[in-house]
Protein chains: 2
Amino acid sequence: MSEKKSVYKPKSISGYPEWLPEARYVEQQWFDHIRRVFESYGFCNIETPSVEELDVITAKGEVDKEIYVLERLHQEDGEKKESRLALHFDQTVPLARYVAQHFGDLVFPFKRYQMQRVWRGERPQKGRFREFYQCDIDVIGVDQLGLHFDAEMPAIIYEVLSGLQGMENEKFQLRISNRKILIGVMEALEIENPEETLRSLDKMAKITPDGVRAELTGLGLNQNTITSLLTFADQKFEGVGAGLDLHNHITSFNFKNDLMLEGAEELHFVMDQLSHIPDAVADLSIVRGLDYYTGTVYETTFVGNEGYGSICSGGRYDDLASSYINKKLPGVGISIGFSRLFAYMLEQGKLPLTRKSPADILMALPPVRSDESLNDIKNKENEIRKRAQETAQILRKNNYKVEMFHMPQKIGKQIAYAEKKGIPYVWFPPFDEDGKHEVKNMAAQTQTETTPENWKPKTQPETQKGQINDAA
Amino acid sequence: MSEKKSVYKPKSISGYPEWLPEARYVEQQWFDHIRRVFESYGFCNIETPSVEELDVITAKGEVDKEIYVLERLHQEDGEKKESRLALHFDQTVPLARYVAQHFGDLVFPFKRYQMQRVWRGERPQKGRFREFYQCDIDVIGVDQLGLHFDAEMPAIIYEVLSGLQGMENEKFQLRISNRKILIGVMEALEIENPEETLRSLDKMAKITPDGVRAELTGLGLNQNTITSLLTFADQKFEGVGAGLDLHNHITSFNFKNDLMLEGAEELHFVMDQLSHIPDAVADLSIVRGLDYYTGTVYETTFVGNEGYGSICSGGRYDDLASSYINKKLPGVGISIGFSRLFAYMLEQGKLPLTRKSPADILMALPPVRSDESLNDIKNKENEIRKRAQETAQILRKNNYKVEMFHMPQKIGKQIAYAEKKGIPYVWFPPFDEDGKHEVKNMAAQTQTETTPENWKPKTQPETQKGQINDAA
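If you're wondering where the values come from, they're calculated on a predicted model, not measured in any experiment. (Residues numbered from 1 in each chain as written. Chains lettered and ligands numbered in written order. Predicted model: local features only at pLDDT ≥ 70, side-chain atom pairs only at ≥ 80, totals over all residues. Heavy atoms only, no water.)

Caption draft 1: Local environment of the side chain of B:Thr48. Among the secondary structure elements, B:Thr48 is positioned in the loop between strand 1 (44-45) and strand 2 (51-53). A polar contact is formed between the side chain of B:Thr48 and the side chain of B:Gln114, at a distance of 3.4 Å. With residues near it in sequence (within four places) discarded, B:Thr48 still touches A:Glu18, A:Arg117, B:His88, B:Pro94, B:Arg97, B:Tyr98, B:Gln114 and B:Gln116. (Helix = DSSP H or I, 4+ residues; strand = E, 2+ residues; numbered from the N terminus. Polar contact = N/O pair within 3.5 Å; in protein donor to acceptor, adjacent residues only side chain to side chain. Contact = heavy atoms within 4.5 Å.)

Caption draft 2: Summary view of the relation of the copies chain B and chain A. The operation relating chain B to chain A is a screw motion whose rotation component is 180°, with 0.0 Å of axial translation and a residual RMSD of 0.1 Å. Seen this way, the second copy is the image of the first under a two-fold rotation axis. Taken together, the interface assignments show that 100% of the residues at the interface of chain B recur at the interface of chain A, consistent with an identical surface on both copies. (Least-squares fit on C-alpha atoms with pLDDT ≥ 70 in both.)

Caption draft 3: Molecular detail of the nonpolar core. All names here are of chain A. Trp30, Phe38, Phe232 and Leu341 are the most contacted members of the largest nonpolar core, which has 82 residues in total. Of all the elements, helix 4 (residues 148-162) adds the most residues to this core, at 8 residues. Contact partners of Phe232, with chain neighbours within four places excluded, come to Ile181, Leu182, Val185, His249, Ile250, Phe253, Phe255, Met260 and Leu284. (Core = buried A, V, L, I, M, F, W, Y, C linked by side-chain atoms within 4.5 Å. Buried < 20%, exposed > 50% of the residue type's maximum accessible area, 1.4 Å probe, protein only.)

Caption draft 4: View of the packing of aromatic side chains. Inspection of every chain in the model, using the stated rule, returns 46 aromatic pairs over all chains. Both rings, one in A:Phe232 and one in A:Phe255, keep their centres 6.0 Å apart while their planes meet at 55°; by these two values the pair is tilted. Of this pair, A:Phe232 sits in helix 8 (residues 223-233) while A:Phe255 sits in the loop between helix 9 (242-251) and helix 10 (258-273); the two residues are 23 residues apart in sequence, bridging distant segments of the chain. Note on accessibility: A:Phe232 and A:Phe255 belong to one class, buried. With 4.9 Å between their ring centres and 75° between their planes, A:Tyr425 and A:Trp455 make a pair best called edge-to-face. Taken together, the residues span a long stretch of sequence, with A:Tyr425 in strand 15 (residues 425-428) and A:Trp455 in the segment after strand 17 (446-450) at a distance of 30 residues. Among the residues examined, A:Trp455 registers a relative accessible area of 7% and is labelled buried. Members of the aromatic cluster, each reached through a chain of ring pairs, are A:Trp19, A:Trp30, A:Phe31, A:Tyr133, A:Phe338 and A:Phe342. Lying over the aromatic face of A:Tyr308, A:Arg340 brings its terminal NZ or CZ to 4.3 Å of the ring centre. Geometry around A:Tyr41 places B:Arg396 over its ring, the cationic atom sitting 3.7 Å from the centre. (Phe/Tyr/Trp six-rings, centres within 6.5 Å; stacked < 30°, edge-to-face > 60°. Lys NZ or Arg CZ within 6 Å of the ring centre and 35° of its normal.)

Caption draft 5: Expanded view of the pairing of strand 7 (residues 172-178) of chain A. All names here are of chain A. Taking burial as the measure, the 7 residues of strand 7 include 7 buried ones, the bulk of the element. Along strand 7, one buried face is formed by Phe172, Leu174, Ile176 and Asn178 and the opposite face, lined by Gln173, Arg175 and Ser177, is buried too. In the sheet, strand 7 pairs with strand 10 (residues 293-302) via 7 bridges, with the strands oriented antiparallel. What sits directly across from Gln173, in strand 10, is Thr301. (Pairing = 2+ DSSP bridges.)

Caption draft 6: Helix 7 (residues 204-218) of chain B, seen in detail. All names here are of chain B. Its 15 residues give helix 7 an end-to-end C-alpha distance of only 16 Å, which falls more than 12% under 21 Å, the value for a rise of 1.5 Å per residue. Of all the bends in helix 7, the greatest measures close to 70° and is centred on Asp210. Those residues of helix 7 that sit buried are Met204, Val212 and Leu216. Where helix 7 is buried, its residues contact helix 6 (194-201) and helix 8 (223-233). (Expected span 1.5 Å × (residues − 1). Bend = angle between axes of the 7 residues up to and from the residue.)

Caption draft 7: Layout of empty space enclosed by the protein. Here the structure, examined in full by the defined rule, presents 12 cavities of 30 Å³ or more. Taken as a whole, the largest cavity encloses approximately 670 Å³ of empty space. As for the largest cavity, its lining consists of 29 residues, of which A:Glu47, A:Tyr133, B:Arg24, B:Glu47 and B:Tyr133 are closest to the centre. Classifying every residue of the lining of the largest cavity by side-chain character gives 11 nonpolar, 8 polar and 10 charged. (1 Å grid on protein atoms, 1.4 Å probe; cavity = no way out; pocket = protein on both sides within 12 Å on 5 of 7 lines; lining within 4 Å. Points joined across faces, edges and corners; volume = space filled by probe spheres on them. Nonpolar A, V, L, I, M, F, W, Y, C, P; charged D, E, K, R; others polar.)

Caption draft 8: Looking closely at the packing of helix 1 (residues 21-40) of chain A against helix 4 of chain A. All names here are of chain A. Look at helix 1 against helix 4: their axes get within 9 Å of each other, and the N-to-C directions meet at 150°. For the element pair helix 1 / helix 4, the angle class is roughly antiparallel. The element helix 1 and its partner helix 4 pack so that their crossing is right-handed. Facing helix 1, whose interface residues are His33, Ile34, Val37 and Phe38, helix 4 presents Ile156, Glu159 and Val160. Residues belonging to the contact of helix 1 with helix 4 are distributed by class as follows: 5 nonpolar, 1 polar and 1 charged. (Axes fitted to C-alpha atoms, helices over the stretch in contact; angles between N-to-C directions. Parallel < 35°, antiparallel > 145°, perpendicular 65-115°, else oblique. Left-handed = near helix turned anticlockwise from the far one by under 90°.)

Caption draft 9: Structural detail: the side chain of B:Glu66. All names here are of chain B. Structurally, Glu66 can be placed in the loop between helix 2 (54-57) and strand 3 (68-72). As a buried residue without a salt bridge, Glu66 has its nearest oppositely charged side chain in Arg120, at a separation of 4.3 Å. When sequence neighbours within four positions are dropped, the list of residues in contact with Glu66 reads Trp119, Arg120, Gly121 and Glu122. (Lys, Arg positive; Asp, Glu negative; His and termini not counted. Salt bridge = Lys/Arg side-chain N within 4 Å of Asp/Glu carboxyl O.)

And the structure:
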């Protein structure tokens, strides 16, 4: 033991999450699963640098308060002044820049997924981090992009969310609308402040229709108009007939216009495509705050905990990268608020935090009897370690993950170590050259004779779940 | 088409690499392979935040010029002053902080791998980035840590490097030494400026023994001492007898001391354990610049391109986290300069850049005859798309990755699209209800009848290589 000295006790940095190995293990399974689903629909992966030029980041001008810029701690005097760099706060701004910059090298429709950290300097609070992962998919077309992609997005998200480890019993709703509908309605109703009105309607799930009514009254809308709007927008349609029900609801109103009907037809088509997904709901109150959505919009909330906000959102936009390129690039995308969702499930105690090690097998090192001479013990130990290592290599070749125990110790201690790390099997290599191999199943508490060449676990070890499978 | 307008043409940021999808595809295979090897030896994964408090980052005081600090673009007036945050420049400083902070929750020996981006603000140059990935493994013990871990590191790295896609024909050397040896020699030779001498010896591969002699002469060492040092240090031992050869070389000198002999014994043991790895070489000139190594040191260079520098380095340290915790935590670790290596192989044109999409299969949409009525065409198209989608879902369930073609078009165009994206198979769902499925192998240019339930590709699609396999 070293002597006592004064030490600086490190602490967590607020808003920057960090997990223990057993939570990170589950997080990796989540990423693997998400990647597998995204790729199974043909999305390719890209990564962009963590930074963009500040001018690129602030082009939209809406979130500059939250942006982190980089400074070199010791900028040299007389050094050429470089462009200021800022950490990206989402993956859409970098995507726009990427697509414009590499336009000639990409094949369109460009289907890409991206799973990176993003940074927002806002004050940390429950469920809000300053550094967090997002998992995005977007499809970008040139000039046009088929509407069936708008239906593919929620189908993929449904497959992702319902297959995440620990999410098996969570009820969530994929809420879908089309901005053209409400914008058209507001035009038809001749509402003077459509933006504030939309922002208010968007809070329906959070503040209830009564809350929305109060806000709209405050905006100066007359009560008849508010009643019409609420009757229109506070509506959900789900299940097999959702598309048609929605169509009938919308056409039953005596205020209508072309934009609204166009949006209704699009949403009808999308809902028809999603009739096999029980959790997909057409919800006419959904708007999404950000300006750039122009058609379909998505939001995903926990059923019974809508107040937690959306864990997965997105929509269609007319033109991704108009500030960078003289091409019209319509797109549709959706983003999983990964860290937000993961932290929520972790906090609720719903994740299986049993694996402190990815190893399937702990290779035990049988202890040598201590009544032999020191040199004999050393030789014997080396021999045993060599045999254990050879055994481990055979098992690794068969795709098992094997941790070698670190020193010859009492078998009980080695088993306790496997228990503590959550390693499901302990392997005992032969003590002598003609000895037998045995393997202990930690869960079943059974021990059986076997060989490293032929061993197969009776049940799949947990490590297999949620990992990339072979295609064949 | 949109009309012409003035646009800001985005460009790359110097020192921040970004890849096209087909290069990122290979990069993902690399990460998968590295992860699989690391985990197969029982290393668990952790991630730390991208930032640490500036005080933590600069504790060692050696690289502050390269550090990026974060500033919020619009810090609010009167806001509580927060600790300054800096992006980490390696993964060892964060590991030390992590181990100290979570000491009670970790199981020791703590075997962890970490594959994250790190940042260094230095002037970008060939092979040097400002943002890049490192892949590290370290084992941390409490009070003590067995020497066999020092031999496990290069064995793992050998398995990693020799299995990377595109690296099949690269010759590289894992060069191993033990700092105790040269430090002991310098003590025995009573050299007055051991640090400068070490730094000079460390350049043997780069500046040749003659260059080292010139530098040491400049330091004021006498020629006999220099000759002794060079005769001693300019030595490599490889192959089955390396450990013993090394032992004989070292003990043949008439200057020796305990530290040197201790180091020699350790290196002898490590080399004996590595006798099955042809590319592992004991190289007594290896030192590694950084101060904190206290025993075994590693470096990895391309054979014939030693001047490119080390692509994978590390070593043993006595005490990881002494500034944070009153525990002695010896460790040994090694770090792959991932982005450096990947960029080098990419630049050399040695990576297979054929896959712009991860999809195994492009699901074609047979075009409807255009002599039917518009409504009939639409209905027929919907029917075909539905059948194609159902077929795609069956194939996805069987773990194939399937991209749906985006619109009914001439078959030739759809095949050209698969070609352009590097998708190895094109699937033709039946045109009518009782029609047959056919699949085209793009490489072999053959087309065969099949069913989605039973189809297996004759050769494994390329997507399978380098991905996480099932354990069973």
